[in-house]
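Read off the chains here:
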Amino acid sequence: MSVQNVLNTIKENNIEFVDFRFVDLAGRAHHITLPSTEVDADTFVNGVAFDGSSITGFRGIESSDMVMIPDTETAYIDPFTAHKTLIVMSNIHTPEGDRYDRDPRSIAQKAEEYLQTTGIGTAAFFAPESEFFIFDDVRYESGMNKSYFEVDSEEAAWNTGRKEEGGNLGFKVPVKGGYVPVQPVDSQQDIRSEMVSVMQASGLRVERHHHEVSTAGAGEINFRFDTLTKTADNLLKYKYIVHNVAHQYGKVATFMPKPLFGDNGSGMHVHMSIFNGDSPLFYEKGAYANLSPLAMNFMGGILHHAPALIALTNPSTNSFKRLVPGYEAPVNLVFSKGNRSAAVRIPIAAVTPKGCRIEFRTPDSTANPYLAFAAMLLAGLDGIKRKIDPVALGYGPFDTNIYHLSDEEKREIRSVPGTLDEALNALEADYEFLTEGNVFTKDFIDNYVSVKRKEAQAVAVRIHPHEYELYFGC
């Protein structure tokens, strides 16, 4: 969409405000809103100024001036504002006009530019399956003398004895029993359908939605794949719509990986492929899972660099509460066709040559998608460049249920890091593949690790309620 087309959209739709957005280090959107009367062609050239020192991980107060340069291709009408508002995503530049090397969206674009320079292909496609929970009530506090959380859902397994609200209507979702039941067990059909309707009206192509495995409002909505930066943009739009539709229903949605103890968490399985023009590069008929040698090398890069990757694809302390055995979490760094117990799965059901892809199942939605997708692409490209053979390195294929292997057999399989600190250590030890083409800079990686270590330390020093159960009587 050209600048003139955006200005025409503002005029033809009686847009009152234009909401310019950028994304921070954690992947959260921020915005500054201008009356549409203050937006003209120069706005898209000169940008919108903001204070970078107020954004964690950006700039110090001594050099805080930053500029959002709007990307007209991202414009869509906000479905939630009372006053008609147009949303436009932006890239971050310095006052001197340079692309800011800590801007996650610019990093994603640089990753796509680097792919083009390699001569391997012209575009990388991504499709995330971002899962979430919808709760009716959320309460939490972390202070000097108290620390707790409490969530509730009318469909939760712990509410089978509930008497409130005029009586218990039954049909609760059992622990680990929530995968695709029909109504009335699936109590959130209508709210997810409303989310889908809003997504479609906002330009997303939605493929399906369903209840997920966990009790207490676990859900998933899948939207159509696209190129790297566009998919990251779409994921931000997706999360914005999920959060706000839930809010309109008097509920709250979270993409937190493990909000409940003792049941499955929320992942973000990411499907990836590379094309050269219209030609898919991951398909070879008759090979293992119909996967080409190039795709095998790409997968080898993902698995080889996985411990470092996970610092970007699973960047929260809560991420590692999900990455534990027993809850269908892909903790084993191996690959397999169709096997959901492997970190990398190659889908084989109803797959065409153009649909041939690999699925990295470890990530979750606390990841900044611009950073995570860029890092996955760079890991895969490094695998192609170095011809990393995942079979020779012992990463598979494993076509049996890994969770049923003996302890001795499991010891031969490399696992994901056990904590955020371990993942950050791996990133510090293995980051050169990210700096190819100057996509990530060493400064960015050092800054990112510093920010994330502070998060890990903040959790580590706080008293956990379970410690009272373990130690109070000592």
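Reading the values: rules and limits
- Residues numbered from 1 in each chain as written.
- Predicted model: local features only at pLDDT ≥ 70, side-chain atom pairs only at ≥ 80, totals over all residues.
- Heavy atoms only, no water.
- UniProt positions renumbered as here; feature names shortened; annotations may be inferred.
- Domains from an automatic or database assignment.
- Contact = heavy atoms within 4.5 Å.
- Buried area = accessible area lost by both parts, 1.4 Å probe.
- Salt bridge = Lys/Arg side-chain N within 4 Å of Asp/Glu carboxyl O.
- Polar contact = N/O pair within 3.5 Å; in protein donor to acceptor, adjacent residues only side chain to side chain.
- Helix = DSSP H or I, 4+ residues; strand = E, 2+ residues; numbered from the N terminus.
- Buried < 20%, exposed > 50% of the residue type's maximum accessible area, 1.4 Å probe, protein only.
- Patch = residues over 30% accessible without salt bridge, like charges linked within 9 Å, V, L, I, M, F, W, Y side chains within 5 Å.
- Areas by Shrake-Rupley, 256 points an atom, 1.4 Å probe, with all protein chains shown as cover.

Looking up the chain in an unreviewed UniProt entry gives the name Glutamine synthetase, with the organism given as Paenibacillus cellulosilyticus. Quoted straight from UniProt, the Subcellular location (unreviewed entry) entry for the chain says "Cytoplasm".

Trainee: With reference to specific residues and values, describe the domain arrangement of the chain.
Mentor: For the chain, the assigned domains are domain 1 (3-100) and domain 2 (123-472). Relative placement of domain 1 and domain 2: their C-alpha centres are 29 Å apart. Each side of the interface is counted separately: domain 1 has 17 residues, and domain 2 has 19 residues. Approximately 1400 Å² of surface area, both sides summed, lies buried where domain 1 meets domain 2, with 66% of it carried by carbon and sulfur atoms. The largest contributions to the domain 1 side of the interface with domain 2 come from Leu25, Tyr76 and Phe80, which together make up 48% of the buried area. The tally of links between domain 1 and domain 2 comes to zero salt bridges. Across the domain 1-domain 2 interface, the total number found is five residue pairs in polar contact (both at pLDDT 80 or more).

Trainee: Describe in detail the environment of alanine 349, supporting the description with residues and values.
Mentor: Position of alanine 349 among the secondary structure elements: in the loop between strand E17 (342-346) and strand E18 (358-360). Taking relative accessible area as the criterion, alanine 349 reaches 63% and is therefore assigned exposed. Each C-alpha atom of the pair alanine 349 and threonine 37 lies 52 Å from the other, and the pair is 312 residues apart in sequence.

Trainee: So, a nonpolar patch on the surface: which residues are in play, and what are the values?
Mentor: Judged by side-chain polarity, Val138, Tyr140, Phe149 and Val252 come together as a nonpolar surface patch covering roughly 420 Å² of accessible area. Residue placement: valine 138 occurs in strand E8 (residues 137-142). Under the relative-accessibility criterion, valine 138 is labelled partly exposed at 37%.

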